[in-house]
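Take a look at the letters that make up each chain.
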Amino acid sequence: MRNYFDILTILAEKDFKVRYRNSVLGFLWSLLNPLAYMAILTLVFSYLLRVSIPNFAGWLLVALLVWRFFSVGTAQGLFSIVSNPSLVSKVYVPRYMIVLSNNLANFLGSSLEFLVLLPLLLGLGVGLTVTALLLPILLVLEFLLVFALSLSLSALNVKYRDFYQLWDIALQLGFFLSPIVYSASLIPARFYFLYSLNPVTRLMEALRGIFLEHQLPTVFDMTVVLGSIILFLALGLLIFRRLEKGFAEEL
Amino acid sequence: MEDVWKRFRIPHEKRSTVLDHLAGALSVLEGKRYAYEEFWALKQVSFKLGEGESLGIIGPNGSGKSTLLKLIAGVMKPNAGTIRTEGGIAPVLELGIGFHGDLTVKENALIYGVLMGLHRSEMRKRTATILDFAGLTRFQDAKLKTLSSGMQVRLAFSIAIETEAEIFLVDEALAVGDMEFQQKCLDKFREFKKEKKTIVLVSHNMELIREFCEKTLYLLNGEVRAFGDSETTATRYIERT
C-alpha cells in the first residue's frame with residue numbers, strides 16, 4: 001500500500017501555494033476579480049440596460065462565483081499534466097492524481113472565495129436561511145464535475161497542444177449559455193429544455209435557490225448534475241486511460 | 001525483465017496540434033501518407049537479477065540505457081514484454097528529479113520525499129538529515145531556483161538515499177556533484193550493498209561499475225550485447241571501443 005493520500009495532499013498543497021504565491025495577499029488578489037466583475041456587470045446591466053431583477057448584484061455574484069469555480073478549475077485542470085512534466089517523466093505517480101490534486105487546490109480556493117464573499121450578500125440585503133447550509137454539498141458536486149471534465153481535457157491537451165484554444169472558446173460560449181447576466185426565463189420555450197440540461201446552469205440555479213429564494217435544489221437540478229458527473233467521469237476515464245500511456249513520451 | 005521491447009515513433013513532420021491533424025487528414029485524402037519511422041529503442045531485452053544484486057548498464061550514447069531505466073521506474077510502459085520488480089524504487093533519472101523552482105528547498109524536499117514513497121510525517125523527521133547530507137541546511141528557506149544545478153542534483157540524491165527504497169536507479173547523476181559529495185554517496189552505496197539493496201547504475205565509469213555491480217548489461221542499438229558478471233562484460237565493452 002503506497003502513501004497515496006499523502007501524495008494527493010502534498011501535490012494539492014503545492015498547487016495551492018504556487019497559485020497564491022504563498023501569501024495571503026495572493027488570495028486577496030483572487031477575490032478582486034469576481035468583485036470587479038460584479039461591479040462592472042451590475043453597472044452595465046442594472047443601470048444602463050435597466051434589467052429588472054431584484055437584488056441584481058447579489059444575484060449576479062452567486063452565479064459569477066459558480067462560473068469562476070468551473071472555468072478556472074477546468075482551464076487549470078487542462079494544463080495540469082502539460083505543466084508538470086517532471087511528475088510524469090521523472091518519478092512514478094499515478095497520473096490521475098496530478099489532475100485530481102490540481103482540482104483539489106482549485107476546490108479549496110473557490111470554497112474560500114465563497115466563504116469570504118457570501119457575507120457580502122447580507123450587506124446587499126439578502127437574508128440567509130438554513131437552506132444556505134447546503135452550500136458544501138453543491139460545491140462538492142461542482143468539484144466532481146470539474147474533475148470529471150479535467151480528466152479528458154488534460155489528456156487531450158497532451159496529445160493536441162492547441163487543445164486549450166478550443167476549450168477557451170468553449171468557455172467563452174459557456175459564459176453566455178449560462179444564466180449569469182440574464183435570467184433563464186428569457187430563453188424561448190422551444191429551446192428551453194435543451195438549454196436547461198447544462199449542469200453549470202443547474203448549479204447556478206440551485207445556488208441562487210438556496211441563498212436568494214430560500215429553496216432546496218429541485219430533483220431536476222440534482223438529476224442533471226449527477227448525470228453529467230457520471231457521464232463525463234466515464235468518458236474522462238476512457239480517454240485518460242487510453243492516452244496516459246503516451247504521456248512520458250509526448251512531454 | 002523478460003523479452004522487453006520499446007518503440008518510439010519518429011515522425012517526419014511532427015503533428016502535435018489539432019490544426020496539424022486536420023491538415024494531415026486533408027493530405028491523406030490527397031493520397032499522401034502519414035509518414036513516420038519506427039525506432040526500436042529496446043529490442044528483446046531479458047535479464048534477471050537476484051535479491052541484493054546490483055546491475056550496471058553500459059553502452060554508447062543512444063543505445064537505450066536511459067529508456068531501460070525509465071521502464072524499470074514505471075515511468076514508461078514497454079510495447080511488449082514484462083517487467084517485474086520487488087520492493088520500493090527510488091529513481092534519480094537524468095540529472096535531478098524536476099523540482100519546483102518557486103518553492104523553497106525544504107518544501108521541495110518534502111514534496112519529493114512523499115512522491116518517492118515516504119509518509120509526510122516520516123518525511124518531516126528526515127528533512128533535517130536530508131538537507132545536512134546534501135550540505136544545504138543553510139539554504140533551506142531559499143527558493144530552489146536560486147541553487148546551482150550541482151546543488152539541485154545533490155538534493156535529489158540525498159532525498160532518494162533517505163527513502164529506504166530497496167532499488168535505486170541512478171542515471172549518470174553521480175557525475176554532477178562535486179568530489180566531496182561523490183565520495184559521500186559512494187560511502188552510502190557501500191552501506192547499501194551491505195544491507196543487500198539493489199543499485200541499478202547507468203555509467204560510463206567502469207571502475208564504479210566493477211566496484212558496485214555484480215552483473216552488467218551491455219546495450220548496443222537497443223539490443224543486449226552481453227550480460228553477465230561485470231568484469232567480463234566491461235572488458236568486452238572496452239575492447240570494442
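Here the structure is shown first, and the text comes after it.
For clarity, every value in this text was computed on a predicted model and none was experimentally measured.

Rules used throughout
Residues numbered from 1 in each chain as written. Chains lettered and ligands numbered in written order. Predicted model: local features only at pLDDT ≥ 70, side-chain atom pairs only at ≥ 80, totals over all residues. Helix = DSSP H or I, 4+ residues; strand = E, 2+ residues; numbered from the N terminus. Buried ≥ 20, exposed ≤ 12 C-beta atoms within 10 Å, placed from the backbone. Contact = placed C-beta atoms within 7 Å. Rg over C-alpha atoms; globule rule 2.2 N^0.38 Å. Core = buried A, V, L, I, M, F, W, Y, C linked by C-beta atoms within 7 Å. Axes fitted to C-alpha atoms, helices over the stretch in contact; angles between N-to-C directions. Parallel < 35°, antiparallel > 145°, perpendicular 65-115°, else oblique. Left-handed = near helix turned anticlockwise from the far one by under 90°. Nonpolar A, V, L, I, M, F, W, Y, C, P; charged D, E, K, R; others polar. Pairing = 2+ DSSP bridges. Expected span 1.5 Å × (residues − 1).

Trainee: Explain the overall build of chain B here, please?
Mentor: When helices and strands are tallied, chain B shows 8 helices and 9 strands. Looking at the 241 residues of chain B, the share that counts as buried comes to 40%. Put simply, 71% of the contacts in chain B that link residues at least 6 apart link residues at least 24 apart.

Trainee: In this structure, what is going on with the overall build of chain A? I would like to understand it.
Mentor: Within chain A, the secondary structure is distributed over 12 helices and 0 strands. Overall, chain A shows an N-to-C arrangement of helices and strands of α-α-α-α-α-α-α-α-α-α-α-α. Relative to the compact-globule value of 18 Å for 251 residues, chain A shows a C-alpha radius of gyration of 19 Å, a close match. Along the first, second and third principal axes, the C-alpha set of chain A runs to 55 × 45 × 35 Å. Sorting the 251 residues of chain A into buried and exposed places 40% on the buried side. Counting only contacts in chain A whose residues sit at least 6 apart along the sequence, the fraction spanning at least 24 positions is 79%.

Trainee: Where do I start with the nonpolar core in this structure?
Mentor: Counting residues in hydrophobic clusters, the biggest one holds 127 residues, and the most contacted among them are V66(A), L169(B) and V200(B). Those residues in contact with V66(A), other than ones at most four positions away along the chain, are E142(A), V200(A), L203(A), M204(A) and L207(A).

Trainee: Is there a simple way to explain the environment of C213(B) in this structure?
Mentor: All names here are of chain B. Mapping C213 onto the fold places it in the loop between α7 (206-212) and β8 (215-220). With 26 C-beta atoms counted inside 10 Å, the residue C213 sits in the buried group. As for C213 and V200, which are separated by 13 residues in sequence, their C-alpha atoms are 8.0 Å apart. Those residues in contact with C213 that lie beyond four places of it in its chain are S54, L55, G56, L201 and S230.

Trainee: Teacher, can you tell me more about the interface of chain A and chain B here?
Mentor: Interfaces are often sized by the amount of accessible area the parts lose when they come together. Counting residues at the interface gives 23 residues for chain A, matched by 28 residues for chain B. Within the residue set of the side of chain A that touches chain B, elements represented by two or more residues are α1 (4-19), α4 (85-89), α8 (163-177) and α12 (247-250) of chain A. At 6 residues, the largest contribution of residues to the side of chain A that touches chain B is made by α1(A).

Trainee: What exactly am I supposed to notice about the packing of helix α4 (residues 120-134) of chain B against helix α5 (residues 149-162) of chain B here?
Mentor: When two helices pack together, their arrangement is given by the angle between their axes and by how far apart the axes lie. Residue and element names in this part refer to chain B. Across the interface, α4 lies against α5 with an axial gap of 8 Å and an inter-helix angle of 135°. In terms of their interaxial angle, α4 and α5 are classed as oblique. Taken as a pair, α4 and α5 cross one another with a handedness that is right-handed. On the side of α4, the interface is formed by R126, T129, I130, F133 and A134, while α5 contributes R154, L155, S158, I159, I161 and E162. For the contact of α4 with α5, the class distribution of residues is 6 nonpolar, 2 polar and 3 charged.

Trainee: I keep staring at the environment of R68(A) and nothing clicks. Help me out?
Mentor: Tracing the backbone shows R68(A) in helix α3 (residues 56-79). Once residues within four sequence positions are removed from consideration, R68(A) is found in contact with P34(A) and S110(A).

Trainee: For this particular structure, what's the right way to read the packing of helix α2 (residues 24-48) of chain A against α3(A)?
Mentor: Residue and element names in this part refer to chain A. Direction vectors running N to C along α2 and α3 enclose 135°, while the axes themselves pass 9 Å from each other. Considering their axes alone, α2 and α3 lie oblique with respect to each other. The two elements α2 and α3 cross, and the hand of that crossing is right-handed. Facing P34, Y37, M38, L41, T42, F45 and S46 of α2, the residues of α3 in contact are F56, A57, L60, L61, L64, L65 and R68. Its residues assigned to classes, the contact of α2 with α3 comprises 11 nonpolar, 2 polar and 1 charged.

Trainee: Honestly, the sheet that holds strand β9 (residues 223-229) of chain B in this entry has me stumped. Any pointers?
Mentor: In any sheet, the strands associate via hydrogen bonds between backbone groups, in a parallel or an antiparallel arrangement. All names here are of chain B. The strand order across the open sheet built from 6 strands is β5-β6-β7-β3-β8-β9, with neighbouring strands paired in mixed fashion. Strands with a single pairing partner mark the edges of an open sheet, and in this sheet they are β5 (89-92) and β9. Along the sheet, successive strands turn relative to each other by an average axial angle of 15°, direction set aside. In this sheet, β8 lies alongside strand β3 (residues 55-58) in parallel orientation, the contact comprising 4 bridges. By the bridge assignment for β8, G56 is matched with T216. Here helix α8 (residues 230-240) sits on the sheet and contacts β3, β8 and β9; the angle it forms with β9, its principal contact strand, is near 140°.

Trainee: Help me understand the pairing of β8(B) in this model?
Mentor: Along a regular strand, successive side chains alternate from one face of the sheet to the other. When β8(B) meets β9(B), the two strands line up antiparallel, connected through 6 bridges. Bridge assignment links L220(B) to a residue of β9(B), and that residue is E223(B).

Trainee: Which parts of the structure should I look at to understand α3(A)?
Mentor: Within an α-helix, residues lying three or four positions from one another point in the same direction, as the helix has 3.6 residues per turn. Taking 1.5 Å per residue as the helical rise, α3(A) with its 24 residues ought to reach 34 Å, and the 34 Å between its terminal C-alpha atoms agrees with that figure. Most of α3(A) is tucked away, with 18 of its 24 residues classed as buried.

Trainee: Help me understand unusual backbone geometry in this model?
Mentor: As a rule of thumb, non-glycine residues mostly have phi less than zero, and peptide bonds are mostly trans rather than cis. You will see that N55(A), though not glycine, has its phi angle at about 55°, which is positive. For N55(A), the location among the structural elements is in the loop between α2 and α3. For N55(A), a count of 14 C-beta atoms within 10 Å gives the class partly exposed. Residue N221(B) is not a glycine yet carries a positive backbone phi of 50°. In this structure, N221(B) sits in the loop between β8 and β9. Classification of N221(B) as partly exposed rests on a count of 14 C-beta atoms within 10 Å.

Just geometry here; none of it tells us what the structure is for.
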